[in-house]
Amino acid sequence: MKAAILGTGSWACAFGKHLAHKWDRVVLWGIEPEQIHVINTTGTNPAYLGEVPLPPNLRATLDLEECLSGADALFVIVPSQAVRTVMEQVAAVAALPDPAPVICLAKGFEVDTLKRLSEVIQDVLGPPEAPGNHPVAVLLGPSHAEEVAREFPTAVVLSGTPGADWAHWQHEIAGPFFRVYTNDDMAGVEIASGFKNIIALAVGMADGLGTGDNTRGVLMTRGLKELARLGVALGARTETFFGLAGVGDMITTCISHHSRNRNFGEAVTRGDLSPEALLGEQVQVVEGVPMAKAALKLGMKHGIELPVTRQVHDVLFSGKPPRQAMRELMERQLRDELE
Ligand SMILES: NC(=O)c1ccc[n+]([C@@H]2O[C@H](COP(=O)([O-])OP(=O)(O)OC[C@H]3O[C@@H](n4cnc5c(N)ncnc54)[C@H](O)[C@@H]3O)[C@@H](O)[C@H]2O)c1
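Residues numbered from 1 in each chain as written. Predicted model: local features only at pLDDT ≥ 70, side-chain atom pairs only at ≥ 80, totals over all residues.

Overview of the sheet that holds strand S4 (residues 73–76)
Sheet architecture is open: 8 strands sit in the order S3-S2-S1-S4-S5-S8-S9-S10, paired in mixed fashion. The open sheet is flanked by strand S3 (58–61) and strand S10 (178–182), the only strands paired with a single partner. Pairs of neighbouring strands in the sheet enclose a mean axial angle of 25°, with direction left out of account. Set on the sheet, helix H9 (residues 186–209) makes contact with strand S8 (136–140) and strand S9 (154–160); between it and S8 the angle comes to about 40°. (Pairing = 2+ DSSP bridges. Helix = DSSP H or I, 4+ residues; strand = E, 2+ residues; numbered from the N terminus. Axes fitted to C-alpha atoms, helices over the stretch in contact; angles between N-to-C directions. Contact = placed C-beta atoms within 7 Å.)

Structure below.
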């Protein structure tokens, strides 16, 4: 079995390392020559994963055709806003064999179109039900690259377009420390894990104010509630928000010292630099920032109130002080919890 992976960052390398224990060959495609050289010559990716050794059957290349040729499946692990561009390159090269599935591990929405990433992939490659086209899935959930690379027990959700044998791919991808569940609510899985980074930013901002566990608890719970409300308006099922891609990923991201979204929120509150200047300093993508824009636009389009998202958005893009954002959240009109 050969896996083609788009991306050479932290998640691409950690997931590739996992697959390389089971599959014969894993080929990562990237755009950074220096990073590819380092992966191939040192068997590590120090900029993203420290000294964790990568297996010898994992290689990286700048040549997209070499990556795609003969692949049994394609895994997309680049930042959300780059997914359309890289898929256009995949389509132009036309080297991915039929009927290899395309499985997206990137989290988020495309901000310009407000589409889920699986929809972006289908826009570019064509509908999976058309003859010769590729089935599309997402593989999402609480999965910090740093911990998967160190083989800590992890579980994720595989959710794909109808008609493909996803139970087969569930078994091909799962491993002794990497458990894979299926869930046919693809919209719910993508919305829950795409937008939980916004709540992680909120928790980080609160942590920066010096608030405690009560505040973390309320932001996570009410944050999940508003994401579920938005998800249902977009056709998702509520139960998915209480699964791995929802509450699972939310807890992991909001409490973890690995979470760059939580850490970014905290740095914004500390006020060392503006959000734009902080983003400029980041080596790794902070997906919650573009997602705050996308979720708010979707909420407005569908008439769904998103109080936590609104405050995160205003801190990031309108210069609202985090202390004022917290006060405004607390002073909202009192209401019933289950409304
Ligand atoms: N890191 C994690 O723990 C983790 C876990 C689950 C999901 N994810 C998701 O995976 C995606 C990638 O995250 P990451 O942590 O690996 O990011 P990263 O910043 O570590 O790496 C991003 C990679 O994408 C490449 N890239 C950026 N722009 C590109 C473009 N226009 N064309 C081609 N390649 C491009 C970069 O060269 C780099 O190799 C994100 O959507 C993230 O939310 C990350």
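Description of the site of the ligand
Surveying the vicinity of the ligand reveals 27 residues, the closest of which are Gly9, Trp11, Ala82, Ala106 and Ala145. Of all elements in the fold, only helix H1 (10–20) and helix H5 (83–93) reach the threshold of two or more residues within the shell around the ligand. Counting residues per element, the shell around the ligand draws most heavily on H1, at 3 residues. Broken down by class, the residue content of the shell around the ligand amounts to 13 nonpolar, 11 polar and 3 charged. Two domains each provide a minimum of three residues to the shell around the ligand, namely domain 1 (2–184) and domain 2 (187–330). (Near = placed C-beta within 6 Å. Nonpolar A, V, L, I, M, F, W, Y, C, P; charged D, E, K, R; others polar. Domains from an automatic or database assignment.)

Focus: the domain arrangement of the protein
Taken domain by domain, the protein comprises domain 1 (2–184) and domain 2 (187–330). One C-alpha centre belongs to domain 1, the other to domain 2; they are set 25 Å apart. Each side of the interface is counted separately: domain 1 has 26 residues, and domain 2 has 25 residues. For the side of domain 1 that touches domain 2, the secondary-structure elements that each account for two or more residues are helix H6 (117–125), S8 and S9. Counting residues per element, the side of domain 1 that touches domain 2 draws most heavily on S9, which supplies 4 residues. Of the residues in the side of domain 1 that touches domain 2, the class split is 13 nonpolar, 10 polar and 3 charged.

A look at the packing of H9 against helix H16 (residues 322–330)
Packed helices, taken two at a time, are described by the angle between their axes plus the distance between the axes. For the pair H9 and H16, interaxial distance at closest approach is 10 Å and the crossing angle is 110°. Relative to H16, the element H9 lies roughly perpendicular. Along this stretch, H9 crosses H16, giving a crossing that reads as left-handed. Contacts between H9 and H16 involve Met205, Ala206, Gly208 and Leu209 from the former and Pro322, Arg323 and Met326 from the latter. Here the residues of the contact of H9 with H16 are counted per class, giving 5 nonpolar, 1 polar and 1 charged. (Parallel < 35°, antiparallel > 145°, perpendicular 65-115°, else oblique. Left-handed = near helix turned anticlockwise from the far one by under 90°.)

What about helix H8 (residues 166–173)?
If you check which residues of H8 are buried, you get Trp166, Trp169 and Ile173. Buried residues in H8, looked at end-on, bunch into an arc of 55°, giving them a common side. Structural note: H8 exposes Ala167, His168 and His171 on the side pointing more than 90 degrees away from its buried face. Among the structural elements, S8, S9 and S10 are those in contact with the buried residues of H8. (Buried ≥ 20, exposed ≤ 12 C-beta atoms within 10 Å, placed from the backbone. Arc of directions from axis to C-beta.)

Regarding the pairing of S4
Side chains Ala73 and Phe75 of S4 all project onto a buried face; the interleaved residues Leu74 and Val76 project onto the opposite face, where all are buried too. Pairing between strand S1 (residues 2–6) and S4: 4 bridges, direction parallel. Considered in S4, the bridge of Ala3 is made with Ala73. With 3 bridges joining them, S4 and strand S5 (residues 102–104) adopt parallel strand pairing. Its bridge partner lying in S5, Phe75 is registered against Ile103. As for the winding sense of the linkage, the β-α-β connection from S4 through H5 to S5 is right-handed. (Right-handed = clockwise from strand over helix to strand, strands pointing away.)

A look at the packing of helix H15 (residues 307–318) against H16
Where H15 meets H16, the closest approach of the two axes is 10 Å, and the angle between their N-to-C directions is 160°. Accordingly, the angle class assigned to the pair H15 and H16 is roughly antiparallel. Of the two possible hands of crossing, H15 and H16 adopt the one that is right-handed. Contacts between H15 and H16 involve Pro307, Val308, Gln311, Asp314 and Val315 from the former and Pro322, Ala325, Glu328 and Leu329 from the latter.

Quick word on the nonpolar core
If you look at the biggest cluster of nonpolar residues, it comprises 104 residues, and the most contacted ones within it are Val76, Ile77 and Leu105. Among the elements that make up this core, the one with the highest residue count is H9 (13 residues). Residue contributions to this core reach at least three from each of two domains, namely domain 1 (2–184) and domain 2 (187–330). In this structure, Leu105 is in contact with Trp11, Phe15, Phe75, Val76, Ile77, Leu139 and Leu140, ignoring residues within four places of it in sequence. (Core = buried A, V, L, I, M, F, W, Y, C linked by C-beta atoms within 7 Å.)

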